Amino acid sequence: GQQLNQSPQSMFIQEGEDVSMNCTSSSIFNTWLWYKQDPGEGPVLLIALYKAGELTSNGRLTAQFGITRKDSFLNISASIPSDVGIYFCAGPPMDSNYQLIWGAGTKLIIKP
Amino acid sequence: GAVVSQHPSRVICKSGTSVKIECRSLDFQATTMFWYRQFPKKSLMLMATSNEGSKATYEQGVEKDKFLINHASLTLSTLTVTSAHPEDSSFYICSASPGVGNTEAFFGQGTRLTVV
């Protein structure tokens, strides 16, 4: 099915570094959602964005809804070991009933 | 955020048997719930949309007779994997959204199904 283009696919970083990942779409979205999934668990909602240009923070996490409504990024500042996991962007297409389209995920690995 | 509870978290069954997975919205009512399947190192793949009081809507390629969905109340949807085979082994996750027009989806903990 349709997917959002999420990059990078994986990231190897040192503890304390900042992280940035993004998602793009060929079509307009009214909502962008960012989730984190730990192994063997369901995704957990991190940040929800509803307005073009919106910049929202949740602790060390910051996400922005692109002006064109076709992209979004997620930044993590000063990464810590518990940030390890897979991050997914998601959004409902214009004609959906809560149904979400998903990015392929960004796997974050923190080097010891 | 809203809480969605999924049970069981892990199940091992023999080939040919059926397995039921429950998804409950604990603090909100959900007229619509979603069932996903996730393969290792892959994103979530939508299997079906569960609609309270009516038939589920299945995605292309998902066998409705194989994956039975029942959404009998506003807080409970069940997925039954019938006549399970080893290739049905996977991670199954449900989600639900509270409120009209609220597109924030909250997920259950997932169910790891292993068919032996």
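The rules behind the values
Residues numbered from 1 in each chain as written. Chains lettered and ligands numbered in written order. Predicted model: local features only at pLDDT ≥ 70, side-chain atom pairs only at ≥ 80, totals over all residues. Heavy atoms only, no water. Pairing = 2+ DSSP bridges. Helix = DSSP H or I, 4+ residues; strand = E, 2+ residues; numbered from the N terminus. Axes fitted to C-alpha atoms, helices over the stretch in contact; angles between N-to-C directions. Phe/Tyr/Trp six-rings, centres within 6.5 Å; stacked < 30°, edge-to-face > 60°. Core = buried A, V, L, I, M, F, W, Y, C linked by side-chain atoms within 4.5 Å. Buried < 20%, exposed > 50% of the residue type's maximum accessible area, 1.4 Å probe, protein only. Contact = heavy atoms within 4.5 Å.

J.: Break down the sheet that holds strand S3 (residues 19–24) of chain A for me, with residues and values.
T.: All names here are of chain A. One open sheet accounts for five strands, arranged S1-S3-S8-S7-S6; its pairing is antiparallel. Of all strands in the sheet, those bounded by a partner on one side alone are strand S1 (5–7) and strand S6 (55–58). When strand polarity is set aside, the average angle formed by the axes of neighbouring strands in this sheet is 15°. Both S1 and S3 contribute to a ladder of three bridges, which runs antiparallel.

J.: An account of the packing of aromatic side chains is needed here, citing residue identities and associated values.
T.: Using the criterion set out here, one finds eight aromatic pairs over all chains in the structure. Judged by centre distance (5.4 Å) and plane angle (70°), the ring pair of Trp102(A) and Phe107(B) falls under edge-to-face. One end of the pair, Trp102(A), is in strand S10 (residues 101–102); the other, Phe107(B), is in strand S10 (residues 106–107), on a second chain. Three or more aromatic residues joined by ring pairs make a cluster, and in this case those are Tyr35(A), Phe88(A), Trp102(A), Tyr36(B) and Phe107(B).

J.: Run through the nonpolar core, naming residues and quoting values.
T.: One recurring pattern in soluble globular proteins: nonpolar side chains tend to sit buried together. Within the largest apolar cluster, 43 residues are counted, with the highest numbers of intra-cluster contacts made by Tyr35(A), Leu100(A), Trp102(A), Tyr36(B), Phe67(B), Phe107(B) and Leu113(B). Looking at this core element by element, the count peaks at five residues for strand S9 (residues 90–96) of chain B. Those residues in contact with Trp102(A) that sit more than four places away from it in its chain are Gln3(A), Leu4(A), Tyr35(A), Pro43(A), Phe88(A), Cys89(A), Ala90(A), Tyr36(B), Ser43(B), Leu44(B) and Phe107(B). Membership of the second largest hydrophobic core comes to 22 residues, among which are Trp32(A), Leu74(A), Tyr87(A) and Leu108(A).

J.: Pulling in residues and values, what's your account of the pairing of strand S4 (residues 32–38) of chain B?
T.: Residues and elements named next belong to chain B. Across the seven residues of S4, seven count as buried, placing the element largely inside the fold. Of the two faces of S4, the one lined by Thr32, Phe34, Tyr36 and Gln38 and the one lined by Met33, Trp35 and Arg37 are each fully buried. Here S4 folds back onto strand S5 (residues 44–51), and the loop between the two strands holds five residues, one of which, Lys41, carries a positive phi near 65°. Alignment of S4 against S9, held across six bridges, turns out to be antiparallel. Paired with Phe34 across the strands is Ser95, a residue of S9.

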